[in-house]
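Topology and contacts: notes
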Amino acid sequence: MKILMGPVLSFKGYDKANNRWKLSALVVTNSAQPSGIFFTNGANVSPPAHKLLWQNGSKFAHCFTFDTPLQGNPSTLTYSVENSIYHDIHLPAQDDAPNMSYASCNGFSSQKVMKGVEVKNQMWLEMADRHDAKPIHLMLLGGDQVYADSIWEVVPSIKAWNNKSNDAANKASFTKAMQSQVEAFYFNLYTERWAQPEVRAMMASIPSIAIWDDHDIFDGWGSYPPARQNCDVFQGIGKIATDAFSVFQQHLKPGDVKPDAYLAPGHGFSTGHIIGNTAILCLDMRSERSQRQVLSNDHWKKLYDWASGLSDIKHLFVMSSIPVVYPDFNLLESLLGVVPGQQELEADLQYHWSSRSHKGERTRMVHRMFDFQAKGMRITILSGDVHVAAFGLLQNDRMEYPGRTRVINQLISSAIVHPAPNKMVLFALRHLLDNDKEIDPGIQSRMAALPGTDVKFVGARNFLCLEPDDRNGQDRYWAHWVVEGQDEPFTKVIHPVPA
């Protein structure tokens, strides 16, 4: 039997009442009967449960779930799938905040873009170096973990459909040939992309918490006109892409009941986790997206209900695949005609929070985040998507909010693999666009210079490290942007809300 991809670790939550750190490991093999998962130092590990999640031809995606207790000090669990290569999983000490990384955009939007990059996975190698120096407990993946845009060129039935007129394409049925070819496409896309040695090494060693964005389906998903978005072929592709995301990024068999970490299981894949005094809220901004909404009202309510029930939490990290604070893309849209080669950005313009159709929803979300912060939780937004490293602020001058809760930080880290926009787009971001906007009377959004620099947008590949302070009682995080070509990271301290 041969392992074709994996293992890939996923974090399934921390059960504080029973002190159990819950994990799963996914592998793709050429056998329906895997040997199993083995531990060299796992006396207290629960008996692993096995499930076959998906089969495509002679390839099988297997999942093993298990849990282990945390110790009084940081510890290590060593495991192997199929009794082959052994990997170390580093566990935080009981009640400690986790050391985390954040990354997004693990791929290329086109062959042309890829050919311009010499070392494709350089930043994964740099994450491995950071992990060796100071072990990372959780890897937050902010979307576009694969790029599925080649579906229009490499899947024969979809390529033929895409060449039809709009009206004929919208009326066409999703055929059995399409289903078979699209299922193979997504299965192979994940298997091939994540089997690359540099990616595999990190995914086998650090459990991930993943949200998705459009390229995990295809560029612009959810922002097309209703006639195209709701047509039979689009919905057929979307269903299979959802199943693939469920299997590879969530380790869930399609159709199975979602566990408790899923806060709105009928609406998508939004999750919430609590580890020590740190909470992580992951927004699924694709499952319900349309040109008029990002999340449904009931979806938002369930997320707010969960956040309202948090207690003794110092930090709440909110993962939003699209930046909440960013230059207004409506103006950039008008500049596209004079920015050569940037027409591929046009689909992105319709799904940013600054899009006119989403601004009202963003305003309500921002008010709720300030409400939670005023009660004592420091809110920090984690975002990717835009292929730059950047730092944004929400500034609240309304009288109902206490002075030390008036600022919410947004950390943008993108991309770990995809190259930055060209110099013309970076010039427009830095000099032509108005970065200060009033979201609501008394609430401003603005881009700020990265710490220690006078630059607001760094055009280089990067990822983020979120390290809890080593000093007892500090309860603060150090955010480090690790940027390609920079000897030292850019560092921002995230303080808790004072008592």
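The preceding data block contains the structure.
Heads up: these notes are all about the structure in this document.

Analysis parameters
- Residues numbered from 1 in each chain as written.
- Predicted model: local features only at pLDDT ≥ 70, side-chain atom pairs only at ≥ 80, totals over all residues.
- Heavy atoms only, no water.
- Core = buried A, V, L, I, M, F, W, Y, C linked by side-chain atoms within 4.5 Å.
- Buried < 20%, exposed > 50% of the residue type's maximum accessible area, 1.4 Å probe, protein only.
- Helix = DSSP H or I, 4+ residues; strand = E, 2+ residues; numbered from the N terminus.
- Contact = heavy atoms within 4.5 Å.
- Phe/Tyr/Trp six-rings, centres within 6.5 Å; stacked < 30°, edge-to-face > 60°.
- Lys NZ or Arg CZ within 6 Å of the ring centre and 35° of its normal.
- Pairing = 2+ DSSP bridges.
- Axes fitted to C-alpha atoms, helices over the stretch in contact; angles between N-to-C directions.
- Expected span 1.5 Å × (residues − 1).
- Left-handed = near helix turned anticlockwise from the far one by under 90°.
- Nonpolar A, V, L, I, M, F, W, Y, C, P; charged D, E, K, R; others polar.
- Salt bridge = Lys/Arg side-chain N within 4 Å of Asp/Glu carboxyl O.

Some points on the nonpolar core
- Counting residues in hydrophobic clusters, the biggest one holds 63 residues, and the most contacted among them are Ile-151, Tyr-186, Ile-237 and Phe-248.
- In terms of residues, this core owes the most to one element, helix H9 (residues 232-248), which gives nine residues.
- Setting aside residues up to four positions removed in sequence, Phe-248 forms contacts with Met-5, Leu-26, Val-28, Trp-54, Phe-187, Tyr-190, Thr-191 and Trp-194.
- Counting residues in each nonpolar core, the second largest holds 48 residues, with Leu-9, Leu-23, Phe-317 and Val-458 among its members.

Overview of the packing of aromatic side chains
- Overall, the coordinates contain 27 aromatic pairs when judged by the stated rule.
- Where Tyr-190 meets Trp-194, the ring centres are 5.1 Å apart and the plane angle is 85°; that geometry is what we call edge-to-face. On the criterion of helical spacing, the pair formed by Tyr-190 and Trp-194 is a turn pair, its members being four residues apart in helix H6 (residues 176-194). The exposure classification of Tyr-190 matches that of Trp-194, with both residues buried.
- Joined through ring pairs, the aromatic side chains of Trp-152, Trp-161, Phe-218, Trp-221, Tyr-224 and Phe-234 make up one cluster.
- Note that Lys-258 overlies the ring of Phe-269, its terminal NZ or CZ placed 4.8 Å from the centroid.
- Geometry around Tyr-304 places Arg-368 over its ring, the cationic atom sitting 4.2 Å from the centre.

Comments concerning the sheet that holds strand E7 (residues 87-91)
- Taken in spatial order, the three strands make up an open sheet running E3-E6-E7, and their pairing is antiparallel. Pairing within the sheet leaves two strands with one partner each, and these edge strands are strand E3 (37-39) and E7. Each strand of the sheet is rotated relative to its neighbour by a mean of 35°, with strand direction disregarded.

Quick look at helix H13 (residues 359-374)
- Look at H13: 23 Å from first C-alpha to last across 16 residues, which is about the 22 Å you get at 1.5 Å a residue.
- Considered for burial, the residues of H13 that qualify are Glu-361, Arg-362, Thr-363, Met-365, Val-366, His-367, Met-369, Phe-370, Phe-372 and Gln-373.
- One or two residues past the end of H13 sits Gly-376, with phi positive at roughly 120°.

With respect to the packing of helix H2 (residues 122-133) against helix H7 (residues 197-205)
- For the pair H2 and H7, interaxial distance at closest approach is 8 Å and the crossing angle is 35°. Relative to H7, H2 is oriented so that their crossing is left-handed. The segment H2 lies against H7, with Trp-124, Leu-125, Met-127, Ala-128 and His-131 engaging Glu-198, Val-199, Met-202 and Ser-205.
- Its residues placed into classes, the contact of H2 with H7 shows six nonpolar, two polar and one charged.

A word on the pattern of salt bridges
- Scanning the model with the defined rule gives 13 salt bridges in all.
- With a shortest N-O distance of 3.3 Å, Asp-167 and Lys-171 are connected by a salt bridge. Placement of both Asp-167 and Lys-171 in helix H5 (residues 166-171) is noted, with a separation of four residues, approximately one turn of the helix.
- When its relative accessible area of 64% is taken as the criterion, Lys-171 is described as exposed.
- Taking the shortest distance from any N to any O, the salt bridge between Asp-213 and Arg-286 comes out at 2.9 Å. In this pair, Asp-213 is assigned in the loop between strand E10 (208-210) and helix H8 (226-229) and Arg-286 in the loop between strand E12 (278-282) and helix H10 (297-308), connecting sequence segments 73 residues apart.
- A network of salt bridges, in which partner residues are shared, links Arg-130, Lys-134 and Glu-467.

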